[in-house]
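Listed here are the chains, written in short residue letters.
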Amino acid sequence: MSEELSQDAPEWFDIGAPADFDDGEVAPVVADGIEIAVFRIGEDLFALRDKCTHGRTKLSDGFIEDDCIECPLHQGKFAIRTGEPMSEPVTKAVKVFPVRVVDGRVQVSTAA
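About the cut-offs
- Residues numbered from 1 in each chain as written.
- Predicted model: local features only at pLDDT ≥ 70, side-chain atom pairs only at ≥ 80, totals over all residues.
- Heavy atoms only, no water.
- Patch = residues over 30% accessible without salt bridge, like charges linked within 9 Å, V, L, I, M, F, W, Y side chains within 5 Å.
- Areas by Shrake-Rupley, 256 points an atom, 1.4 Å probe, with all protein chains shown as cover.
- Salt bridge = Lys/Arg side-chain N within 4 Å of Asp/Glu carboxyl O.
- Lys, Arg positive; Asp, Glu negative; His and termini not counted.
- Charge placed at Lys NZ, Arg CZ, Asp CG, Glu CD.
- Buried < 20%, exposed > 50% of the residue type's maximum accessible area, 1.4 Å probe, protein only.
- UniProt positions renumbered as here; feature names shortened; annotations may be inferred.
- Helix = DSSP H or I, 4+ residues; strand = E, 2+ residues; numbered from the N terminus.

Here's the deal with a negative patch on the surface
Okay, step 1: Together, Asp20, Asp22, Asp23 and Glu25 make up a negatively charged patch on the protein surface.
Okay, step 2: Exposure remark for Asp23: the relative accessible area of 52% places this residue in the exposed category.

Let's talk about the UniProt feature "domain: Rieske" (unreviewed entry) in the chain
Okay, step 1: Residues given the UniProt feature "domain: Rieske" (unreviewed entry) here are residues 13–108.
Okay, step 2: When the span residues 13–108 is considered, its composition is 0% helix and 48% strand, and the gap between its end C-alpha atoms is 5 Å.

Let's talk about unusual backbone geometry
Okay, step 1: A cis amide bond links Glu88 with the next residue in sequence, Pro89, at an omega value of 15°.
Okay, step 2: The backbone phi angle of Arg56 is positive, close to 55°, even though this residue is not glycine.
Okay, step 3: Tracing the chain through its elements places Arg56 in the loop between β4 (44–49) and β5 (63–65).
Okay, step 4: Under the relative-accessibility criterion, Arg56 is labelled exposed at 66%.
Okay, step 5: The phi dihedral of Asp67 is positive, around 60°, even though this residue is not glycine.

Listed below in structure tokens is the structure:
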């Protein structure tokens, strides 16, 4: 592998086992120094920046409803799958991080 390719390849961070994340729940983790909220919907795992884009409150302290996370401060909602704002007062999407499971471990990439 060339040096150029390795610099562009995303770095993956271990955040636990799939069993560490309960269906319909949110779990706060830290990867690469970034606070991340991890969600399980059925068998799928999703990761969002653990900060509301409107009120700078931890989304992991929020409430899950209809595949959305509701900010505990202003009740704005974000789609868990895409990070898109779903209700006011939030108007800006929250960052979504790629998630994968490798050898029985959940990994997240914080690459831009």
